[in-house]
Amino acid sequence: MTDFSHRPEGYRGRGDSHLPQIADGLRRVLRRTERDFAHDTLRLGDRALDELVELLVEFAEDLFNGVGIWAAYERYNSVFFGAALPLTSRDAGSPPAGIHPDRFRHFLWVVYPALIGGVVFSPTHQDLLRIADAASEFLAGAFRNVPRISGLKMFLQTSNVYGWDVKRKLVWLGSQSYLFRLFFARYTQNRARGKISIALTDDFICQECTEWSGLGAIDVLAGVLDISDDERKGLRSWYERHTAPYKILSVNNKTMDALNVINDQPYRIRINMKNPPFKRGQLVFGSLVPWRGEWYWSGEQRFFDSSSKVDFEQLKRSMKRNSSAIVCRYSKEHETKVREVAARQYDLMMKYHEGNDLAWYPDGLSMAADWEKEARWQWELRSPQEIDGVMGKHHLEKGRPEMNIPKHLLEHKNGIGVFINPDEGKEIMTSFNDLVEGLQRKGEALTEDQEDAIRGFICSDNLSPRFVKRVLEQYGSECVKAPFALQGDLPDYWLDYLLRRYKGRYFRKYYPSISLV
């Protein structure tokens with residue numbers, strides 16, 4: 001049964017009371033529709049069906065009341081791809097309006113894999129069309145006489161004066177809304193076996209990119225709220241939280257001043273607390289986000305009684321070594337150094353590989369042998385003075401640092417692809433034989449291993465779009481379509497859509513994965 005327990009507390013509109021009855025009717029419609037399914041692919045158990053019913057009713061509520069969540073998503077798609085409903089709209093003209101079956105078709109195409117363990121099916125799957133048509137037809141009729149007064153819309157239209165006003169909406173949108181809650185549940189299950197914490201929630205709502213065209217909760221909320229373009233840009237920057245140890249300089253009931261001990265910059269933090277737990281001289285480890293010219297705590301804070309006994313220089317070195325990408329967010333000096341090191345390393349790697357940025361090794365041992373040779377070549381380019389300096393700084397007794405390659409890579413025998421990325425350094429893909437052989441099939445049926453390799457290449461969050469495009473440039477992209485059940489003539493943006501959907505974080509600002517020691 002559906003209970004609509006995901007609604008924001010304290011906000012109830014006249015239309016809200018109609019939702020449970022609508023859900024009951026929709027559940028019966030979907031079960032009847034499933035009887036006519038041609039395949040079992042999209043059949044759901046009772047619990048999954050209840051989840052889907054509630055999602056669809058809330059989706060229809062958004063479209064009916066103009067809440068703005070889905071409208072924001074479509075606007076982003078139009079900017080990214082020139083299509084509000086990429087790969088699913090049956091009409092190439094203007095975007096559909098209201099409770100339209102094309103919208104339900106796209107929604108279900110993205111949601112079903114989250115309900116049924118990553119199932120892959122075509123956006124033109126006949127059962128998908130059946131369920132989208134049936135759901136949209138029923139819901140359009142069911143909402144016809146519902147008062148257009150939504151508690152959810154009331155909640156999202158409340159004040160945005162303070163950062164916590166926005167954060168409250170962000171927490172709800174990212175963890176409870178029909179658009180994100182399945183992905184939030186999967187995220188918490190994968191990282192903490194479903195145990196929800198403040199830190200985990202903050203990571204998801206601020207940083208995680210989802211299969212909604214690679215968008216995160218901060219992106220969608222920025223498109224929903226009635227705020228200025230500058231405020232929208234600031235909200236979308238919250239994935240770059242300023243995570244650092246902060247020394248408290250002063251504190252009162254309204255604000256506190258703190259020093260980021262990594263970049264030595266002061267922050268004015270809005271708190272508005274009668275009895276703030278912060279004390280002058282205290283060291284606090286936490287994350288800050290900006291809103292309207294002030295800073296706000298985001299997520300959890302860890303308190304240390306006093307900063308007097310802290311070795312700040314050692315703390316700086318540790319952060320720059322172990323959390324280099326985070327330090328880049330708020331230290332332009334560190335970012336510049338990291339990018340300079342990355343550029344030098346890239347130039348050296350490209351010189352050694354004679355301008356070829358893509359290598360294909362038959363196995364892990366041959367890759368390791370080549371990397372060893374490359375490391376020796378780079379070491380011998382250094383002057384005696386540089387070598388002595390490195391050996392002294394890192395207490396090396398046998399010359400250059402030894403290479404540490406994981407055992408599973410060394411023992412891999414199904415081909416390894418290595419791409420030299422200017423931003424990421426060396427990117428590695430195992431089972432590269434299956435990938436290349438699959439890409440070269442040119443219309444022939446793919447083996448299961450080849451399909452898995454191609455799908456993994458596109459879906460992996462650890463392999464950049466640049467790597468993908470480089471490989472497809474060399475071996476062709478036509479065979480990518482079959483593992484994603486894409487058929488017929490596709491619009492030019494089809495690959496860009498897949499890359500954004502599964503590799504969203506690479507379309508935000510990111511930093512070279514280099515630690516400065």
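Data block above holds the structure.
A brief report on the enclosed structure follows. Only a predicted model underlies this, so the values are computations on that prediction, with no experimental measurement involved. (Residues numbered from 1 in each chain as written. Predicted model: local features only at pLDDT ≥ 70, side-chain atom pairs only at ≥ 80, totals over all residues. Heavy atoms only, no water.)

1. Some points on the overall build of the protein
Under the convention used in this document: Numbering goes from the N terminus for both helices and strands, where a helix is a DSSP run of H or I of at least four residues and a strand is a run of E of at least two. Radius of gyration here uses only the C-alpha atoms, and the compact-globule reference equals 2.2 Å multiplied by the residue count raised to the power 0.38. Relative accessibility decides the category of a residue: with a 1.4 Å probe and only protein chains considered, values under 20% of the type maximum give buried, values over 50% give exposed, and everything between is partly exposed.
In terms of regular secondary structure, the protein is built from 21 helices and eight strands. Scaling as 2.2 N^0.38, a compact globule of 517 residues should have a C-alpha radius of gyration of about 24 Å, and the protein matches this with 26 Å. Along the first, second and third principal axes, the C-alpha set of the protein runs to 80 × 70 × 40 Å. Relative to its 517 residues, the protein shows a buried fraction of 51%.

2. Focus: a nonpolar patch on the surface
Put simply, the rule is: Only residues whose relative accessible area exceeds 30% and that take part in no salt bridge are eligible for patches, with like-charged residues grouped when within 9 Å of each other and nonpolar side chains (Val, Leu, Ile, Met, Phe, Trp, Tyr) grouped when within 5 Å. To be clear on the numbers: accessible area is Shrake-Rupley with a 1.4 Å probe, and residue cover counts the displayed protein chains and nothing else. Put simply, a salt bridge is a Lys or Arg side-chain nitrogen that is within 4 Å of an Asp or Glu carboxyl oxygen.
A surface patch of nonpolar side chains, about 240 Å² in accessible area, is lined by V161, Y162 and W164. Residue placement: Y162 occurs in the loop between α6 (151-156) and α7 (163-176). Under the relative-accessibility criterion, Y162 is labelled partly exposed at 30%.

3. Some words on unusual backbone geometry
A positive phi angle, near 60°, is found at D264, a position not held by glycine. Following the sequence through the fold, D264 ends up in the loop between β2 (255-260) and β3 (265-270). Judged by its relative accessible area of 42%, D264 falls in the partly exposed class. For S431, which is not glycine, the phi torsion reads 55° and is therefore positive. Locating S431 in the fold gives a position in the loop between β8 (425-430) and α18 (432-439).

4. Focus on the state of the cysteines
Between two cysteines, a covalent bond joining their sulfur atoms is known as a disulfide. Quick note on the threshold: Disulfides are defined as cysteine sulfur pairs within 2.5 Å.
Applying the stated criterion to the full structure yields zero disulfides. No disulfide involves C209; its sulfur sits 12 Å from the nearest other cysteine sulfur, which is in C206. Between C459, a free cysteine, and C209, which holds the nearest cysteine sulfur, the sulfur-to-sulfur gap is 15 Å. For C459, a relative accessible area of 26% gives the class partly exposed.

5. Some remarks on the pattern of salt bridges
For the structure on display, the rule yields 36 salt bridges. Salt bridges linked by common partners bring R27, R31, E34, D46 and D50 together as one network.

6. Quick look at the sheet that holds β8
Filter applied, for reference: The pairing criterion is simple: DSSP has to find at least two bridges between the two strands. Helix axes are fitted only over the stretch in contact, all axes being lines through C-alpha atoms; the angle between N-to-C directions runs from 0 to 180 degrees. Any two residues whose heavy atoms approach within 4.5 Å are treated as being in contact.
Strand order in the open sheet made by the three strands is β6-β7-β8, with antiparallel pairing throughout. If you trace the sheet from one side to the other, it starts and ends with β6 (358-361) and β8, each paired once. Between one strand axis and the next, the sheet turns through 20° on average, direction left out of account. In this sheet, β8 lies alongside strand β7 (residues 416-421) in antiparallel orientation, the contact comprising six bridges. Looking across to β8, one finds that F419 is bridged to E427. Along the sheet, helix α20 (residues 465-475) makes contact with β6, β7 and β8, crossing β6 at roughly 75°.

7. Here's the deal with the side chain of D16
Along the chain, the position of D16 falls in the segment before α1 (19-34). Beyond its immediate sequence surroundings of up to four residues, D16 is in contact with R7, Y11, E61, I149, S150 and G151.

8. Concerning the pairing of strand β5 (residues 294-304)
Note that strand β4 (residues 283-291) and β5 share eight bridges and pair antiparallel. Counted as the bridge partner of S287 is S298 from β5.

9. Quick notes on the packing of aromatic side chains
Aromatic ring pairs are reported here in terms of the distance separating the ring centres and the angle at which the planes meet. Put simply, the test is: Here a pair means two rings of Phe, Tyr or Trp (six-membered ring of Trp) with centres within 6.5 Å. Their orientation is stacked below 30 degrees between planes, edge-to-face above 60, and tilted elsewhere. Sitting over a ring, as applied to charges here, requires NZ of Lys or CZ of Arg to be within 6 Å of the ring centre and within 35 degrees of the ring normal.
Per the counting criterion, the structure on display carries 37 aromatic pairs. Chaining the aromatic ring pairs together yields one cluster made of F59, W70, Y73, F104, F107, Y178, F183 and W212. Just above the ring of W109 sits the side chain of R501; from NZ or CZ to the centre is 4.8 Å. Here R505 stacks its cationic end above the ring of Y506, 4.2 Å away from the centre of that ring.

10. What about α1?
Think of an α-helix as 3.6 residues a turn; residues three or four steps apart then line up on the same face. Applicable threshold: Helix span, as expected, comes to 1.5 Å for every residue beyond the first.
For α1, built from 16 residues, the straight-helix expectation of 22 Å at 1.5 Å per residue is met to within 8% by its first-to-last C-alpha distance of 22 Å. Within the sequence span of α1, burial applies to L19, I22, A23, G25, L26, V29, L30, T33 and E34. On its buried face, α1 is in contact with α2 (46-65) and α5 (126-142).

11. A word on the packing of helix α3 (residues 69-81) against helix α10 (residues 217-224)
For the record, the criterion: Oblique is the label for any angle not under 35 degrees, not over 145, and not in the 65 to 115 range, which are roughly parallel, roughly antiparallel and roughly perpendicular in turn. When residues are sorted by character, Ala, Val, Leu, Ile, Met, Phe, Trp, Tyr, Cys and Pro go into the nonpolar class, Asp, Glu, Lys and Arg into the charged class, and all the rest, Gly among them, into the polar class.
Direction vectors running N to C along α3 and α10 enclose 105°, while the axes themselves pass 8 Å from each other. Relative to α10, α3 is oriented roughly perpendicular. The segment α3 lies against α10, with I69, A72, R75 and Y76 engaging D219, V220, A222, G223 and V224. Here the residues of the contact of α3 with α10 are counted per class, giving six nonpolar, one polar and two charged.

12. Examining helix α21 (residues 494-502)
Judged by how many residues are buried, α21 sits mostly within the fold: eight of nine residues are covered. Residues W494, L495, Y497, L498, L499, R500, R501 and Y502 constitute the buried set of α21. Those residues of α21 that are buried are in contact with α3, α4 (101-115), α19 (448-459) and α20.

So far we have only geometry, and geometry alone does not tell us how the molecule works.
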